[in-house]
Structures are given as C-alpha cells and as structure tokens.
Amino acid sequence: KKFAEYAKEWQLLDCAGLKRVNSKALEDARQAIVNAMKLGKWLCVYLGDHIPDLQEKVCTTKNRDKFPIGTWQHGGLLSDLVKEKLYRDDDKEGGQCVVRDGFRVC
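Calculation criteria
Residues numbered from 1 in each chain as written. Predicted model: local features only at pLDDT ≥ 70, side-chain atom pairs only at ≥ 80, totals over all residues. Heavy atoms only, no water. Helix = DSSP H or I, 4+ residues; strand = E, 2+ residues; numbered from the N terminus. Rg over C-alpha atoms; globule rule 2.2 N^0.38 Å. Contact = heavy atoms within 4.5 Å. Areas by Shrake-Rupley, 256 points an atom, 1.4 Å probe, with all protein chains shown as cover. Lys, Arg positive; Asp, Glu negative; His and termini not counted. Charge placed at Lys NZ, Arg CZ, Asp CG, Glu CD. Salt bridge = Lys/Arg side-chain N within 4 Å of Asp/Glu carboxyl O. Buried < 20%, exposed > 50% of the residue type's maximum accessible area, 1.4 Å probe, protein only.

Caption draft 1: The overall build of the chain, seen in detail. Check the secondary structure of the chain and you find four helices and three strands. Its helices and strands in sequence order give the chain the pattern α-β-α-β-α-α-β, from N to C terminus. Taken over C-alpha atoms, the radius of gyration comes to 13 Å for the chain, in line with the 13 Å a tight globule of 106 residues would show. C-alpha atoms of the chain, sized along the principal axes, occupy 40 × 30 × 25 Å. Contacts in the chain between residues at least 24 apart in sequence constitute 67% of all its contacts with a sequence separation of at least 6. Of the roughly 6700 Å² of accessible surface on the chain, 49% is carried by carbon and sulfur atoms. Taking the 19 positively charged and 16 negatively charged side chains of the chain as two groups, their mean positions are separated by 2 Å.

Printed below as a string of structure tokens:
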C-alpha cells in the first residue's frame, strides 16, 4: 500500500474505507478510478485486511456510477457507457471522457 501511495505512475484505490459503505468512501473510490484513467496511471486496488463485501454492497447497480463492477473485468472500465456514468462534467476534457495510454487496473 505504501509503495502505491508514493509511486508516480500508480493511483491507489484504498478499499479499506469501504468496509462501511458511505457516500464519501464511494466518491473517493470514483475519484481514484477517474484520476487513474485521465492520467494514464495504474489503478492499484488495495483491499486491506478486512475485504469489503464488494459484490453485495459496493459494486451494486445503485453504485455503478461510483464503483462499477467493470473494475474487476479486463477492459470493464473502457466502454463509453461506463465512462459516461463514472465521469462528472468537471472530470471531462472538452466534453470527452478521456482515458490516456498506460491506464490499467492491478
């Protein structure tokens, strides 16, 4: 986890805060995902010591605009439909959901 916090080419997505699902934790996760996509960084997903219930409580239909299930699927964050839900107007560049080269999930 510490390495991912300091590595310039990585963006940390710390899921430890999602043990108790709340709007701030979900928004922090969304921002980490979008930041990695926009900057072409590796999204390093840290699950922590107590893995949150991702399938039943975090990556649900109601949270798909914050933490999509596609995070766990190869290329699952790259569809235009997923990006349109994930990106907010302030995240877009020229009205586009930009994903720079180098983006990947690890």
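Structure's up, so let's keep going.
Caption draft 2: Seen up close, the pattern of salt bridges. One pass over the structure, following the stated rule, counts eight salt bridges. For the salt bridge of Asp-28 with Lys-24, the shortest nitrogen-to-oxygen distance reads 2.8 Å. With Asp-28 and Lys-24 both in helix α2 (residues 23-39) and four residues apart, the pair spans about one turn of that helix. Of the residues examined, Asp-28 reaches a relative accessible area of 36% and is grouped as partly exposed. Accessibility expressed as a relative area gives 56% for Lys-24, which makes it exposed. Across the pair Asp-80 and Lys-83 runs a salt bridge, and its minimum N-O distance is 3.5 Å. Of this pair, Asp-80 and Lys-83 both sit in helix α4 (residues 80-86), separated by three residues, roughly a single helical turn. Shared partners join several salt bridges into a network, and the residues in it are Glu-27, Arg-30 and Asp-91.

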